[in-house]
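Structural overview for review
Here is what each chain is made of, one letter per residue.
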Amino acid sequence: MSSQSAELTPSLARGAEAAPGSIAAFRPGTAPARAAPTAARARDEAARHATRQTILSVVLEVEPKRAEILRRKLDALREEESGTHPPFNELCREVPVLHFLSVTIFPDDHHDPVLVIEANFDGPPAPFWEMLETHIGPHLRDMLRCCKPPRDADAALFQAITRDGATAPLAPYLAKRATLPAISHQGNRGLSRARIEQETVLFDAVQERLRREPRATFAGMTAQQIHAWLRAEMRREFPWLDSAGPPRIADAEHYGDWARLLGFAGLVLLGLGLPAILAWALLPWWSVPVLSLLACLPSLVLLRRELREAGPTVQVPRSPAILGAAAVLLVLGILPVLLALLARIRRLERCDPPQDAPPVDEAEVARMSAREDRLTQNHMGSVVLVKPGVLRAIVIRAGLRGLGLLLRVRPRARAGYLASMRTIHFAHWALISNGGRLMFFSNFDGTWESYLDDFIEKAHNGLTLAWSSGVGFPPTRFLWFEGATHGRRFKAWARSSMAASNLWFSAYPTLTVEQIERQHAIAEGLRKAGMEAEEAEAWTARL
Amino acid sequence: MDGTALGRAPKQHWALAPGIARDTQGFVVSAFAHLPVAVALFLDASGSERGWLRALRQVAPVTTAADKEANRTRSAAIAFTATGLERLGLDRRTVQASFERPFWEGMHHPDRRRRLGDLSDHGLLHGEAPRWSCNPPGADATTLTVHALLVLYARDDQDAQDWARQVTEALQDVGVQVACRLPLSLRFDPDHVAREHFGFADGISQPIPYGPGVAGHHAGQARDPWHGVPLGEFLFGHSNAHDEPAPGPLIPVGERENSDLFDLGRNGSYLVVRELHQYVEAFWDSMRAAAAELRKDAVWLAERVVGRERDGDLLLPGNRQMARTAQGPDNAFGFFGTDRHGLGCPIGSHVRRANPRDGLAPDAAACADALESANNHRLLRRGRKFGPDFEEGERDGERERGLLFMALNTDITRQFEFIQQTWVLNKAFATLQGETDPLCGPAGPFTVPDRPLRWKVDVKTFVRFAGGEYFFLPGIGALDWLQERG
């Protein structure tokens, strides 16, 4: 247990230390050992303050014979990194754009093991990979040497970086092998690590200042006066309070998110409307609505049982807006396609075998149990097989993409919420193995049990849509209902799909998503010269 | 800790349907408030002879939920640990395959101790190490091994002592030792209020089960709006919060072609037991010291630590408290509507952490969800206090006192452990940072929200863990079956 938990226990110590210790750990090195060219340094500096975060993972097939060697190398790396005081100090300093990093070997009964490097960082990938390589390059190269050479165009590149005595940079290869998520979610979107750290230092200073002040000072003061007093106190030490911070979501990103969502919606409509377009082109105009109506009938017959049984879960739409939309879709010839898809999906769902008692690997469970709940945050990595069939292949891609794009624009999701839960720092799903497997990673606050309970109780619909294409997932209804609400079965299934992360790094192990937002709100308040009474009251309540 | 409002009138909020009541221990539906004295006997059956459970039931007949309370002057409840079931002839593999992991790993598994905060470096242990557990393989060992818990309820001290002596002797004859015993009591005030040792009215908030297994008003889906919880949360085999029959242990029986699964869990539950010692002198010293900094009195701060005033009424913003109902303190409220920011009942106070109700909702629209979600983590509490009342001028350590925490749930991980980890000891509960439960957590800061600025004080440790375990509280049919084997 000691070796497995080594990187976590001392991290806890780091977290438990008084504020000054964590400030030291937070301050990125101002003079890195390497002599970086000025242009590159400027670029790194830009990445450090970038308001946009990148989430990606690199999936590498492991040479089965070398899997054990790889495991030992990862253990050694973890020992090395966590042996510092505070743990992971160097990784923290040398890669100042990094939020969370995990390296996991996923064993699999149907595949050779895969090595997955999951990275969540500020700015574009190139500077990140270079920083990471500068710090743990030799280790990364050793890890790559335990992996199979790719059989595509990257083979030569792989050869060049892994042959004996190779010194060619790894970053280009890692960048090429990176998988972007099909869907991702962020708790504190738009806050760079530099900014989170800056606001942590400010928060600690504010708390300390309030602690030192005799309580009598505040007697009779209004919230506005407290704000003004505290701002005056803090400005001396934190001159950056005099300037506004960058917006968390830049205009270009905002419009980009919307453009992608609308583009996606257009493509979906086009896809669904394809039969209708052909019909409009080939048949007399008046026949399309008639055919459309007729084409709806078989699906409605197939779905009649559902509509009767659905009960409280599916509200049969009665509002004029929805009925109107249905009428338009009917006339356009899109409705029959939609209904046919639903009928087919429902049929698949009725026949999909759920796995009620997934196998339990006692050793793996013990490893996870020993590693979890040592920090405020926890990590989860899971890989599942994807259900077969064309429809499933389309549904999983369109579902993940659509949901992902929606999360990018919805104000609540942008503020870090999934339904009413806000405990996720970084999470993503990605399809791997040509869409044959679905990978999930999450860096979250609280225990694994509470995290899953949150999903089960508060945000089960989206989760069910995203995971319902996984083999063995509890029974769903129309991809959106039930599923994760079968709480116990869902937890057993999720736990069985997980592997204990061999290495996991968090740049701010004591901070929750809520706390980061609280610190941010306090900092933003202190940046303001003045506040209205009501705003000031809400602001002082967060102190 | 008992199921009645302030132990006032020993009136039930709910009852089981007759068929189920006959097969269920009375302990599930009643705190036996009409029997104010009790003795907890922790049994070590290491040297037991066959038939020990039969002998035990002869001197201490286990009360069923169908027995009329008014007719009884004695009641008894029994539950077994994982190693205790082995003493009744179930082999370890069967126990591990049929019961939930926390039950057979035990409360003292090193990873679980860390999660539950039962560590010496948190200062939460009474003495060097916990005294008792069921000592399953892989868990940290304790000096005393407990295989079963027998609680005897009686009308007065004399009867309780006589009965306990009689039971102890009968058990000795079949090789079962009493590893330790705790005298329990409700000790009502003259105004019929049962208080825990710090002086606060206790046991006010309890879940109210509903569903087809429940008799009367809550039989259908008519659930209490604030405290209605499906019966399956406390009784195996009935529909639980996840809309499935709460899975209990199924035991393979019979040989080859006759083999089948026996539903051992039927109308049973898991019983979480923790012996918690209370340091009353330390509590009031800490309250006085911290309150002096705020220029308040100790009681004012203690009430904020608990979240209710001493007679049990909820604290409200503006130094007010909730109006009483005819039955006692009003318990039909959510935090979001009455006191969203914790200006009366602090966000981090004990009652708010132990059951946040709808208080974790980020906005009004999420209230119903938040309440429903919080109600997926409820416990049916059956604890009682032990030890004499604290007397003015007494020092901590002279006489031991505290609470024998006993609570029923069917999913230990989702109910008891969740509450302990995610709410009570969570350093990041709600929007707080770096503080835990001010009443039963380790020493540390405690935030009392106020306008224009919150108060922040340091509080010490006053509740310490001395031993505990997860038990299986069988139904009557299961008890008969176990008796045949052991």
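Model, not experiment: these values are computed from the prediction.

**Notes on the overall build of chain B**
When helices and strands are counted, chain B shows 15 helices and 21 strands. In terms of overall dimensions, chain B is globule-like: its C-alpha atoms have a radius of gyration of 22 Å, near the 23 Å expected for 486 residues. The C-alpha extent of chain B, read off along each of the three principal axes, is 75 × 50 × 45 Å. In chain B, which comprises 486 residues, the share counted as buried stands at 63%. The contacts of chain B with a sequence gap of at least 6 include a subset with a gap of at least 24, amounting to 72%.

**Points about the interface of chain B and chain A**
Listed per partner, the contact involves 30 residues of chain B and 42 residues of chain A. Roughly 3,100 Å² of surface becomes buried between chain B and chain A when both sides are summed, with 47% attributable to carbon and sulfur atoms. Our count for the chain B to chain A interface comes out at 5 salt bridges. R451 of chain B is paired through a salt bridge with E537 of chain A; the nearest N and O atoms lie 3.8 Å apart. For the pair chain B and chain A, the interface holds 21 residue pairs in polar contact (both at pLDDT 80 or more). The set of elements that each furnish at least two residues to the side of chain B that touches chain A consists of α6 (101-105), α7 (110-116), α14 (413-424) and β20 (455-459) of chain B. Take the side of chain B that touches chain A: its biggest share by element is 5 residues, from α14 of chain B.

**Observations regarding the packing of helix α19 (residues 448-457) of chain A against helix α21 (residues 487-496) of chain A**
All names here are of chain A. As a packed pair, α19 and α21 sit with axes 11 Å apart at the nearest point and diverge in direction by 130°. The pairing of α19 with α21 is recorded here as oblique in orientation. In the packing of α19 onto α21, the handedness of the crossing is right-handed. On α21, the residues that touch W448, E449, L452, D453 and I456 of α19 are G487, F490, K491, A494 and R495. Residue composition of the contact of α19 with α21, grouped by class: 5 nonpolar, 1 polar and 4 charged.

**A few points about helix α9 (residues 280-294) of chain B**
All names here are of chain B. With 15 residues, α9 should cover 21 Å at 1.5 Å per step; its first-to-last C-alpha distance of 21 Å lies within 8% of that length. The set of residues buried in α9 consists of V280, E281, F283, W284, S286, M287, A290, A291 and L294. For α9, the elements touching its buried residues are β13 (269-278), α10 (298-306) and β20. Just beyond α9, the residue with positive phi is R295, at close to 55°.

**Description of the domain arrangement of chain A**
Along its sequence, chain A is organised into domain 1 (2-188 + 356-511), domain 2 (193-247 + 516-541) and domain 3 (251-351). Put simply, the middle of domain 2 of chain A and the middle of domain 3 of chain A, counted by C-alpha atoms, are 52 Å apart.

Parameters and conventions
- Residues numbered from 1 in each chain as written.
- Chains lettered and ligands numbered in written order.
- Predicted model: local features only at pLDDT ≥ 70, side-chain atom pairs only at ≥ 80, totals over all residues.
- Heavy atoms only, no water.
- Helix = DSSP H or I, 4+ residues; strand = E, 2+ residues; numbered from the N terminus.
- Rg over C-alpha atoms; globule rule 2.2 N^0.38 Å.
- Buried < 20%, exposed > 50% of the residue type's maximum accessible area, 1.4 Å probe, protein only.
- Contact = heavy atoms within 4.5 Å.
- Buried area = accessible area lost by both parts, 1.4 Å probe.
- Salt bridge = Lys/Arg side-chain N within 4 Å of Asp/Glu carboxyl O.
- Polar contact = N/O pair within 3.5 Å; in protein donor to acceptor, adjacent residues only side chain to side chain.
- Axes fitted to C-alpha atoms, helices over the stretch in contact; angles between N-to-C directions.
- Parallel < 35°, antiparallel > 145°, perpendicular 65-115°, else oblique.
- Left-handed = near helix turned anticlockwise from the far one by under 90°.
- Nonpolar A, V, L, I, M, F, W, Y, C, P; charged D, E, K, R; others polar.
- Expected span 1.5 Å × (residues − 1).
- Domains from an automatic or database assignment.

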